[in-house]
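Residues per chain are reported as follows:
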Amino acid sequence: QVHIVESGGGLVQTGGSLRLSCSIIGSTFARNTLGWFRQAPGKQRELVAISTFHDRIQYGDFVEGRFTISRDNSKSTLYLQMYNLKPEDTATYYCNVGRWDGQYFPLNFWGQGTQVTVSS
């Protein structure tokens, strides 16, 4: 059974930074394709960034160079470093285990999410 726990969210001012972490237990982490998603109230969940097991990385268009996804296979942990945060980045951020087949397909493995709130 896959167990996913996100952490690192919080309240920051516009222009601030946060580093999110996602611990994944019960999977072959190094062989996983992983993603960060976010969902704001009243909006659909959207893809933030992905990291495939063969080191392909992609970001949502709104990232604009502000976020960096990384992984530590030895710790089974996925990270999302976020800089220059904006109020529109306010959302619950989720970690996901997915698969890559020319594009990212999320599997039904989600954590409980971590809240990021950016004040103006």
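Parameters and conventions
- Residues numbered from 1 in each chain as written.
- Predicted model: local features only at pLDDT ≥ 70, side-chain atom pairs only at ≥ 80, totals over all residues.
- Heavy atoms only, no water.
- Helix = DSSP H or I, 4+ residues; strand = E, 2+ residues; numbered from the N terminus.
- Polar contact = N/O pair within 3.5 Å; in protein donor to acceptor, adjacent residues only side chain to side chain.
- Contact = heavy atoms within 4.5 Å.
- Salt bridge = Lys/Arg side-chain N within 4 Å of Asp/Glu carboxyl O.
- Buried < 20%, exposed > 50% of the residue type's maximum accessible area, 1.4 Å probe, protein only.

Participant: Help me understand the side chain of T114 in this model?
Facilitator: With respect to the helices and strands, the residue T114 is situated in strand β11 (residues 114-119). In terms of polar contacts, T114 uses its side chain to reach the backbone amide nitrogen of G9, at 3.0 Å. With near-sequence residues (within four places) excluded, T114 lies in contact with E6, S7, G8, G9, L20, A91, T92 and Y93.

Participant: How do you make sense of the pattern of salt bridges when you look at a structure like this?
Facilitator: Any two side chains of opposite charge can pair if their charged atoms end up close together. Throughout the structure, instances matching the rule amount to five salt bridges. In this structure, R38 engages D89 in a salt bridge whose closest nitrogen and oxygen atoms are separated by 2.8 Å. One end of the pair, R38, is in strand β4 (residues 33-39); the other, D89, is in the loop between β8 (77-82) and β9 (91-100), and 51 residues separate them in sequence. You'll find R38 and D89 in the same group, each marked buried. Salt-bridge contacts for R66 lead to D89; the nearest nitrogen and oxygen are separated by 2.7 Å. With R66 in the loop between β6 (57-59) and β7 (67-72) and D89 in the loop between β8 and β9, this residue pair connects regions lying 23 residues apart in the sequence. Under the relative-accessibility criterion, R66 is labelled buried at 7%. Classification of D89 by relative accessible area gives buried; the value is 1%.

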